[in-house]
Amino acid sequence: MSALPTVLHPLADNDRIRVCHYRSLDQIDATAIARWQDLADLAVHPNAYLAPDFVLPSLEFLMGDTPFLIAVSERKTDAGWQSIALGVFREMTPSKTVPFRHLQALRSPHGFLGGLLFRRSGHDLAVERFFADFVQCDHGPWRALVVADFPMFQLLSPQQLDALERSGSRWIECGRSQRASIRPSEARPDWPHGLLSSRSAKNYARRARKLATRGEVEHRLRRGDDITDATIESFLALEDTGFRKDAKTSLRSHSNHERFFRTMVTRLRDRDGVFFFELVLAGHVIASTCNLVSGSNGIAFKLGWDPNYAEYRPGIQNELAMVGAMRNELSHLQHTDSGALQGSFMERLWPDSDVHVDGVFTCERMAHWVARAIRTAADWRNHWRGRTG
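Given the structure is predicted, the values throughout are model-derived calculations rather than measurements.

About the thresholds
- Residues numbered from 1 in each chain as written.
- Predicted model: local features only at pLDDT ≥ 70, side-chain atom pairs only at ≥ 80, totals over all residues.
- Heavy atoms only, no water.
- Buried < 20%, exposed > 50% of the residue type's maximum accessible area, 1.4 Å probe, protein only.
- Helix = DSSP H or I, 4+ residues; strand = E, 2+ residues; numbered from the N terminus.
- Pairing = 2+ DSSP bridges.
- Salt bridge = Lys/Arg side-chain N within 4 Å of Asp/Glu carboxyl O.
- Contact = heavy atoms within 4.5 Å.

### A few points about the pairing of strand β11 (residues 284-294)
Move 1: Counting buried positions along β11 gives 10 out of 11 residues, so the element sits mostly inside the fold.
Move 2: Judged from the eight bridges that link them, strand β10 (residues 274-281) and β11 form a sheet pairing that is antiparallel. Bridged to Val 274 within β11 is Leu 292.
Move 3: In this antiparallel pair of consecutive strands, β10 and β11, the connection spans two residues, and Ala 282 shows a positive phi of 50 degrees.
Move 4: Two elements, β11 and strand β12 (residues 297-305), share eight bridges in a ladder whose sense is antiparallel. Within β12, the residue paired with Thr 289 across the bridge is Leu 303.
Move 5: Hairpin geometry of β11 and β12 is characterised by an intervening segment of two residues between the two adjacent antiparallel strands and by a positive phi of about 60 degrees at Gly 295.

Written out as structure tokens, the structure reads:
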């Protein structure tokens, strides 16, 4: 395959707008990555799962031979080309669930948040060009764009949805769920224990006192150069315990997943895009959580704890301490997604929640096919998460 991306100019009378399609890693050079990272940093809704330091290691180590399409809308400025919108997709052939060719948002096995990237400045132009180029099928055979776990607050405004419908596109929601989240910039002085019921607060305080009888207890925030090889090793060891180890879902259960994690953390560490929060007992890390950062948004990626200290609830103790740190060291974050499923224990620890939607952007002329194809929201969720053909 050629090492050059496919470049399209959708507007015959405007050579300052273009679309780039990347279908192999060797097409994505350092300049393209720099423009992508600039968009990720300045997106109206930053999403670490769509940043190059997450996506590229995912494609290299986790996705195997899975075909992909990275679609980027760009505009020409006095300083050169600038990425204004981006999505990462699979090109899907017709199936029983979706009876026409379509784009499906590509999900990494370790990605827990869907979405698209739109540049904050010129947001309306970014949205307009993206959907004109991809949803309306000006330059491809696709008849729809399918997304899952799309945060509702990132969805298009009612005005923009109206404009899409006038131009021949339509949004159809097929399912929704709730996910715990937190807004550190709105932290209250009584965090973290003020978030708990009186009974729970007393319970965890009692366990913390008992833990302190075993040795000196510390809470450590590790960012940038403070993230050492020992930090990564401790986390991987703790994450590879209990049910994850038994079910072989831990990062260390598969060598390529561990390589993905090490590569991702190394890349993110260099630009302060990752932090770890640790619970340390007598110099030994007994709980650790890894968190990703893009722009002013955070994502709780994964966590682990030592089951030998289960009676003290080290994982929850560590989460509570991290919430406390969000009043101070982490107060620069505007929003943090828990990455947890609806009904998770995180809903008892984090005060906010977001609505996530599954749905499809489709051409108007194909809406009747979509309506016939949707049997249940579960059918769509299974299809989009890769569990059906």
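Here the narrative resumes, following the displayed structure.
### Remarks on the pattern of salt bridges
Move 1: Summed over the entire model, instances satisfying the criterion amount to 22 salt bridges.
Move 2: Its salt-bridge partner being Asp 38, residue Arg 119 comes within 2.6 Å of it at the nearest N-O pair. Within this pair, whereas Arg 119 is found in the loop between β6 (117-118) and α3 (123-133), its partner Asp 38 is found in helix α1 (residues 30-41), the two being separated by 81 residues in sequence.
Move 3: Residue classification places Arg 119 among the buried positions, given a relative accessible area of 2%.
Move 4: A relative accessible area of 31% means that Asp 38 is categorised as partly exposed.
Move 5: Two residues, Glu 233 and Arg 262, come together in a salt bridge whose shortest N-O distance is 2.6 Å. Linking Glu 233 in helix α6 (residues 229-239) with Arg 262 in helix α8 (residues 255-269), this pair joins segments that are 29 residues apart in sequence.

### Considerations on the side chain of Arg 222
Move 1: Along the chain, Arg 222 falls in strand β9 (residues 217-223).
Move 2: Beyond its immediate stretch of four places on either side in the chain, Arg 222 contacts Ile 227, Thr 231, Val 274, Phe 275, Phe 276 and Glu 278.

### Thoughts on unusual backbone geometry
Move 1: Along the chain, Trp 191 connects to Pro 192 via a cis peptide bond; the corresponding omega equals 5 degrees.
Move 2: Its place among the elements puts Pro 192 in the loop between β8 (169-182) and α5 (198-212).
Move 3: Phi is positive for Asp 272, close to 60 degrees, though the residue is something other than glycine.
Move 4: Secondary-structure assignment places Asp 272 in the loop between α8 and β10.
Move 5: Positive phi is not limited to glycine here, since Ala 282 has a value of about 50 degrees.
Move 6: Relative to the elements of secondary structure, Ala 282 occurs in the loop between β10 and β11.

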